[in-house]
Amino acid sequence: MTSPENLPDVPLINECSYVAAFLTMACPYRCSYCINQFGGARRREGILRKQQWLAALNRLTNLNRQDSQIPITLQGGEPTIHPDFYDLVNELDPRIRLDLLTNLSFDVEEMIDRVDPERLKRDAPYASIRVSYHPSQVELDELLKKTLRLQRAGFHIGVWGVLHPEQEQIIRQAQQKAIDLGIDFRTKPFLGYYQNQLYGQYRYARACSMEKRETVSCRTSELIIGPNGNVYRCHHDLYDNRPAIGNLLDRDFQMNYEFRSCDDYGHCNPCDIKVKTNRLQQFGHTAVTIESTDESKATSNPQNKLLSTK
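## Re the confidence of the model for the chain
- Across the chain, pLDDT averages 88, with 86% of residues at or above 70.
- Overall, residues 296-310 carries pLDDT values under 50, and its contacts beyond four positions in sequence, including any with other chains, amount to 30 contacts.

Spelled out as C-alpha cells, the structure:
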C-alpha cells in the first residue's frame, strides 16, 4: 500500500454494477442468520481512517452511466460505527453518490444535524438508506419511529426484513404496520441453511452446498472493498479471510473483468450467487459468473424455495 496522495484514477469497468465499501465489520447486533458469518467468524483487522478512505474512494471514476449512476454503498457490519463516518460522508467528492446499509442503531438526531439529506439521495427505484430490521435485536416501534424521523427530515429511507423461516410471520406483520405509517418496507429472501436445508434462489445450485471443494474460474461485476482497503473477488473472500486481489490504495490498482481461478467452489457465499434484481430493479442478475463447472448454465427453483438438503 502506498501513500494516499496523488493516486491515479481507477475507472470502473463498464460491466461494474455495484460498489461496496465495508467501513467496518463491527456490529452491535448478533443475528444468528447473519450472512457475514456464513463461512464462520471473521478475524479482526485494521480499518482505514478518513483520509485514507477519501483518497481511495475519490479515485473511482466512470460512476455516471447513461442508464443510471452507480453509488458507493457504505456498509459493514454497521458502517455508522466507524469513528470518521460523518466526516467521510461530508468530505467525499460530491460527484460520488452514496447509499447506506444500516441497522439504524445510530443516533438519528446526530445524522440529521450533521448530514444534508441530499448527500444520501439519488434518482433510484429504491431507498438510498436501506434499514435492516432484525426482530430479535430491536423493537419494531422504535425502529419505525427512527425511520419516520429521518423520512420527515428529508432522507430517502426504507426498511427491509429477511424472511427467515422462524420469523416470516413477524416480518409480514411488521411490513404491514410500516406501510400503514407511510414507510417503504420490503422483504428479502433468507439465504443460507436452516434445519439442514438451503434456502434461496441461486444461479449455481451446488456453489454453497458446503460439501466438497472444486476448482473453477469466476469473475465478478462488483467492486468489493474491505475495511482496510483490500479489494476482494467476492463476498466469500471478504468474509472468509481469503487473499485479496489488491488494495484500493495501491498506486497501480485497476479494476478488470477477468476470470480468476478459485479452489473453493462449493463454499461460496450466497450473496455472490443469488439471483436478484440489479441496480435498475431488473430481475435475473447474479454478481459472479462461474466457468469450468457442469452447473455453469444451471438455474434454481424460480419459486425461491428449497434448493438442496445438507
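## Comments concerning unusual backbone geometry
- For Asn 196, which is not glycine, the phi dihedral falls at a positive 65 degrees.
- Summarising the element assignment, Asn 196 is placed in the loop between strand 9 (192-194) and strand 10 (197-199).
- Of note in the backbone geometry, Met 210 takes a positive phi value of approximately 60 degrees without being a glycine.
- Mapped onto the fold, Met 210 is located in the loop between strand 10 and strand 11 (214-220).

## A look at helix 5 (residues 168-180)
- Here helix 5 spans 19 Å end to end across 13 residues, near enough to the 18 Å set by a 1.5 Å rise per residue.
- Taken together, the buried positions of helix 5 are Ile 171, Ala 174, Gln 175 and Ala 178. Down the axis of helix 5, the buried set is contained in an arc of 105 degrees. They therefore lie on one face. What points out from helix 5, more than 90 degrees from its buried face, is the exposed set Gln 169 and Asp 180.
- Looking at the packing, one finds that the buried side of helix 5 touches strand 6 (129-133), helix 4 (140-152), strand 7 (157-163) and strand 8 (185-189).
- One or two steps after helix 5, the chain reaches Gly 182, where phi turns positive at roughly 85 degrees.

## Brief notes about the side chain of Asp 99
- Among the secondary structure elements, Asp 99 is positioned in strand 5 (residues 98-102).
- For Asp 99, a relative accessible area of 0% translates into the label buried.
- Side-chain polar atoms of Asp 99 contact the side chain of Arg 130, separated by 2.9 Å.
- Beyond its immediate chain neighbours, meaning those up to four positions away, Asp 99 contacts Pro 71, Ile 72, Thr 73, Leu 74, Arg 122, Tyr 126, Ser 128 and Arg 130.

## A closer look at the sheet that holds strand 13 (residues 230-232)
- The strand order across the open sheet built from nine strands is 8-7-6-5-4-2-12-13-14, with neighbouring strands paired in mixed fashion. Every interior strand has two partners, whereas the edge strands, strand 8 and strand 14 (246-247), have only one.
- With five bridges joining them, strand 6 and strand 7 adopt parallel strand pairing. Counted as the bridge partner of Ile 129 is Ile 157 from strand 7.
- Running at roughly 170 degrees to strand 2 (residues 18-22), helix 1 (residues 50-57) makes contact with strand 2, strand 4 (72-75) and strand 12 (222-225) of the sheet.
- Sheet strands in contact with helix 4 are strand 6 and strand 7, and its direction is about 150 degrees off that of strand 7.

## Quick notes on the pairing of strand 7
- By the criterion of burial, strand 7 is predominantly enclosed, with seven of the seven residues buried.
- For the crossover that starts at strand 6, traverses helix 4 and ends in the parallel strand 7, the hand is right-handed.
- Alignment of strand 7 against strand 8, held across five bridges, turns out to be parallel. Within strand 8, the position partnered with Gly 161 by the bridge is Thr 187.
- Assessed by its sense of winding, the connection that carries the chain from strand 7 through helix 5 to strand 8 is right-handed.

## Here we look at the pattern of salt bridges
- Scanning the entire structure with this criterion turns up 19 salt bridges.
- Between Asp 93 and Arg 95 there is a salt bridge; the shortest N-O distance is 2.9 Å.
- Asp 99 serves as the salt-bridge partner of Arg 130, at 2.9 Å between the closest nitrogen and oxygen. One end of the pair, Arg 130, is in strand 6; the other, Asp 99, is in strand 5, with 31 residues separating them in the sequence. The residues Arg 130 and Asp 99 share a single accessibility class, namely buried.

## Notes on the nonpolar core
- Grouped together as the largest cluster of nonpolar side chains are 60 residues, with contacts concentrated most on Leu 60, Ile 72 and Met 111.
- Setting aside residues no more than four positions away along its own chain, Met 111 makes contact with Phe 85, Tyr 86, Leu 100, Phe 106, Leu 120, Leu 150 and Phe 155.
- In terms of nonpolar packing, the next biggest core, distinct from the first, is built from 15 residues, Tyr 202, Val 216, Ala 287 and Ile 290 among them.

## Comments concerning empty space enclosed by the protein
- Under the criterion given, the structure shown has two cavities of 30 Å³ or more.
- Of the volumes computed, that of the largest cavity is approximately 110 Å³.
- Lining of the largest cavity is provided by 14 residues; of these, Cys 218, Cys 234, Cys 262, Cys 268 and Ile 290 occupy positions nearest its centre.
- For the lining of the largest cavity, the elements supplying multiple residues, two or more each, are strand 11, strand 15 (260-265), helix 7 (270-273) and strand 18 (288-291).
- Element by element, the count of residues in the lining of the largest cavity is highest for strand 15, at three residues.
- Taken as a whole, the second largest cavity encloses approximately 40 Å³ of empty space.
- Forming the boundary of the second largest cavity are Cys 218, Arg 219, Thr 220, Arg 233 and Arg 260.
- A total of three residues in the lining of the second largest cavity trace back to one element, the largest contributor, which is strand 11.
- Here the lining of the second largest cavity is built from residues that sort into one nonpolar, one polar and three charged.

Cut-offs used in this document
Residues numbered from 1 in each chain as written. Predicted model: local features only at pLDDT ≥ 70, side-chain atom pairs only at ≥ 80, totals over all residues. Heavy atoms only, no water. pLDDT = per-residue confidence, 0-100. Contact = heavy atoms within 4.5 Å. Helix = DSSP H or I, 4+ residues; strand = E, 2+ residues; numbered from the N terminus. Expected span 1.5 Å × (residues − 1). Buried < 20%, exposed > 50% of the residue type's maximum accessible area, 1.4 Å probe, protein only. Arc of directions from axis to C-beta. Polar contact = N/O pair within 3.5 Å; in protein donor to acceptor, adjacent residues only side chain to side chain. Pairing = 2+ DSSP bridges. Axes fitted to C-alpha atoms, helices over the stretch in contact; angles between N-to-C directions. Right-handed = clockwise from strand over helix to strand, strands pointing away. Salt bridge = Lys/Arg side-chain N within 4 Å of Asp/Glu carboxyl O. Core = buried A, V, L, I, M, F, W, Y, C linked by side-chain atoms within 4.5 Å. 1 Å grid on protein atoms, 1.4 Å probe; cavity = no way out; pocket = protein on both sides within 12 Å on 5 of 7 lines; lining within 4 Å. Points joined across faces, edges and corners; volume = space filled by probe spheres on them. Nonpolar A, V, L, I, M, F, W, Y, C, P; charged D, E, K, R; others polar.

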